[in-house]
Amino acid sequence: MHEITLTVNGVVRQAAVPARRLLSDCLRHDLGLTGTHVGCEHGVCGCCTVLLDGEPVRSCLTFAVTVDGRDITTVEGLAGQDGTLSPVQRAFAECHGLQCGFCTPGFLCTVTALLRDNPAPSDEEVLEGISGNLCRCTGYQNIVKSVHRAAEIMAEES
Amino acid sequence: MKPPPFEYHAPRSLGEALDALAGAGEHGKVLAGGQSLIPLLNMRLAAPAHLVDINRLAELAAVDVEPGGVRVGALARHAQVERSEEVAAAQPLLRQALRLVAHPVIRNRGTVVGSLAHADPAAELPAVLTLLRGSVRLARPGAVRDVAAEDFFTGPLESAMEAGELAVSAFFPAPPPRSGTAFREVARRHGDYALAGIAALVALDDDLRITSATVACVSLGPVPVLVDVTDAVGHRPPDSADWASAARAVADRIEPEADIHATVAYRRHLAGVLTEQALRDAAREAVDA
């Protein structure tokens, strides 16, 4: 077992994990943060996407021991301290950017980083940005709408 | 869908990493970005007894633009190389190809050298290294050697790397003067492995006549196939070059395999079409250079 320390959503957390523990499983099982969803477990679906030092990565293709000492943001960490939803979360709610919700945590993390790096993406840039996330409800039209709406909200509030 | 158990090594220096790998021998595997290795572990297609995690070796993350080309360290992520303006200026084909590698989120973690070491003939970067006649630097305790791309890729997922060796960097030579590059591929969905892909390099002389035209093929053989089509296109200006003849030369040369996504005939057809498109793009870039 390996003792690791992760800063998850601003909170320092410790866990004892075997080397083969995937970050996705560490977050869900060891730390009780079940917001990160696990779909395909080979990097195709994007459900498990979290932010590692701010950059979106697949938590199912990352070992928890590898990221010992690093900073992780999961879907639970996107809202404000008082529970106010982030602009991306509000836009997804407003534009019906989620149906069953299974893929949503991955989309929210991916889009949060996308809009931070590119606050006013074109249609093409949005499609490229979310191309690694699958939605089995096929709600892509409203997801794309949500991304543009989130960009609007962020521009209004800045 | 969980990885099998393994002994984990977290070296803090290159020396420690090489010792750990040498100790593990043929039972050892290097973990860098993990975007190819961890799926193989999760699906239990690989079960190395030892994993040597090089993610703490910040010294290996360097990307150095040298006069002769770009040297990419073993821990440099796809995204880091793709976003570098310096790299794009020194060797434009890297960014052209990296934009076709999987999805942005995978590129945040996956490494350029890892993709070369994985030696997947369906991947873009092995074709880039082959086309540019680059090389991979391999290290073991007390010894370093450079292996040219043409000798490095030996079969599907097979390379000249020996047990206990670490690929510490790769070198992508700068383009010759008055040259252009292009990368074209067809995938069922953007970001998927290509059904077929072509990287092209065209160089011109001072009178804008073609002096050299080469392509490297993706998903069209067991290794990235390099085809010199200079004679087929003719030593002429790009406007009057015989691109169709080059396309036929490539289609004749390759030995693609069929799978559930494409037949041999379809792959061969794609190879011809993509060759012509990529060569035209590369020639246009060369004229504008």
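Heads up: the structure comes first, above all this text.
Residues numbered from 1 in each chain as written. Chains lettered and ligands numbered in written order. Predicted model: local features only at pLDDT ≥ 70, side-chain atom pairs only at ≥ 80, totals over all residues. Heavy atoms only, no water.

### What to know about helix α3 (residues 104-117) of chain A
Residues and elements named next belong to chain A. Taking 1.5 Å as the rise per residue, α3 with 14 residues should run 20 Å; its terminal C-alpha atoms sit 20 Å apart, in good agreement. Here α3 lies mainly inside the structure; 11 of its 14 residues are buried. Along α3, the positions that sit buried rather than exposed are Thr104, Pro105, Gly106, Phe107, Leu108, Cys109, Thr110, Val111, Ala113, Leu114 and Leu115. (Helix = DSSP H or I, 4+ residues; strand = E, 2+ residues; numbered from the N terminus. Expected span 1.5 Å × (residues − 1). Buried < 20%, exposed > 50% of the residue type's maximum accessible area, 1.4 Å probe, protein only.)

### Regarding the side chain of Asp25 of chain A
Here Asp25 of chain A shows up in helix α1 (residues 23-30). Taking relative accessible area as the criterion, Asp25 of chain A reaches 6% and is therefore assigned buried. Other than its neighbours up to four places away in sequence, Asp25 of chain A contacts Asp30, Val38 and Glu41 of chain A together with Lys2 of chain B. (Contact = heavy atoms within 4.5 Å.)

### A closer look at unusual backbone geometry
With a phi angle near 45°, Asp53 of chain A is a residue other than glycine that sits in the positive phi range. Mapped onto the fold, Asp53 of chain A is located in the loop between β3 (49-52) and β4 (55-58). With a phi angle near 60°, Leu208 of chain B is a residue other than glycine that sits in the positive phi range. The topology assignment puts Leu208 of chain B in the loop between β12 (196-204) and β13 (210-218).

### Side note on the pairing of strand β5 (residues 69-73) of chain B
Residue and element names in this part refer to chain B. Of all five residues in β5, five are buried; the element is thus mostly enclosed. The sheet contact formed by strand β4 (residues 63-66) and β5 spans four bridges and is antiparallel. Within the sheet, the bridge partner assigned to Val63 lies in β5 and is Val72. Taken together, β4 and the strand that follows it, β5, pair antiparallel across an intervening segment of two residues. Where β5 meets strand β10 (residues 166-173), five bridges bridge the pair, whose relative direction is antiparallel. Opposite Val72, over in β10, you have Ala170 as the bridge partner. (Pairing = 2+ DSSP bridges.)

### Re the nonpolar core
Note on soluble globular proteins: their nonpolar side chains tend to be buried together. Phe63 of chain A together with Ile54 and Phe172 of chain B are the most contacted members of the largest nonpolar core, which totals 84 residues. Each residue touching Phe63 of chain A, except ones within four places of it in the same chain, is listed here: Ala19, Arg20, Arg21, Leu22 and Leu23 of chain A together with Pro3, Phe6, Leu31, Ile38, Leu41 and Leu51 of chain B. Judged by nonpolar contacts, the second largest core, of 30 residues, contains Val202, Leu220, Ile254 and Ala271 of chain B. (Core = buried A, V, L, I, M, F, W, Y, C linked by side-chain atoms within 4.5 Å.)

### Thoughts on the pairing of β4 of chain A
Pairing of β3 of chain A with β4 of chain A, which is carried by four bridges, proceeds in the antiparallel orientation. By the bridge assignment for β4 of chain A, Thr49 of chain A is matched with Arg58 of chain A.

### Things to note about the interface of chain A and chain B
Facing 28 residues of chain A, the contacting portion of chain B comprises 31 residues. For the pair chain A and chain B, the two sides together bury roughly 2,300 Å², of which 58% comes from carbon and sulfur. We note a salt bridge from Lys2 of chain B to Glu41 of chain A, for which the minimum N-O separation is 2.5 Å. Along the contact surface separating chain A from chain B lie 12 residue pairs in polar contact (both at pLDDT 80 or more). In terms of residue class, the side of chain A that touches chain B is made up of 11 nonpolar, 10 polar and seven charged. (Buried area = accessible area lost by both parts, 1.4 Å probe. Salt bridge = Lys/Arg side-chain N within 4 Å of Asp/Glu carboxyl O. Polar contact = N/O pair within 3.5 Å; in protein donor to acceptor, adjacent residues only side chain to side chain. Nonpolar A, V, L, I, M, F, W, Y, C, P; charged D, E, K, R; others polar.)

### Remarks on the sheet that holds strand β14 (residues 225-228) of chain B
All names here are of chain B. Taking strand neighbours across the sheet as the criterion, the four strands line up as β11-β12-β13-β14 in an open arrangement whose pairing is antiparallel. The open sheet is flanked by β11 (179-186) and β14, the only strands paired with a single partner. Direction aside, neighbouring strands of the sheet carry axes that sit 15° apart on average. With respect to the sheet, helix α11 (residues 243-253) is in contact with β12, β13 and β14, its orientation differing from that of β14 by roughly 145°. (Axes fitted to C-alpha atoms, helices over the stretch in contact; angles between N-to-C directions.)

### Let's talk about the environment of Trp243 of chain B
Residue and element names in this part refer to chain B. Tracing the chain through its elements places Trp243 in helix α11. The class of Trp243 is buried, set by a relative accessible area of 4%. Each C-alpha atom, one on Trp243 and one on Pro5, is 53 Å from the other, the two residues being 238 residues apart in sequence. One polar contact links the side chain of Trp243 to the main-chain carbonyl oxygen of Pro238, over a distance of 3.4 Å.

### What to know about the sheet that holds strand β1 (residues 2-8) of chain A
Two strands in a sheet stick together by hydrogen bonds in their backbones, pointing the same way (parallel) or opposite ways (antiparallel). All names here are of chain A. Judged by pairing direction, the sheet is mixed, and its five strands sit side by side in the order β2-β1-β5-β3-β4 without closing on themselves. Looking at strand neighbours, the two that pair on one side only are β2 (11-17) and β4, the edges of this open sheet. Each strand of the sheet is rotated relative to its neighbour by a mean of 40°, with strand direction disregarded. Looking at chain direction, β3 and strand β5 (residues 71-73) are connected through two bridges and run antiparallel. Each residue of the ladder has a partner; that of Leu51, found in β5, is Thr73. Packing against the sheet, α1 makes contact with β1, β2, β3 and β5, and its axis sits at approximately 85° to β1. Lying on the sheet, α3 is in contact with β3, β4 and β5; it crosses β3 at an angle near 40°.

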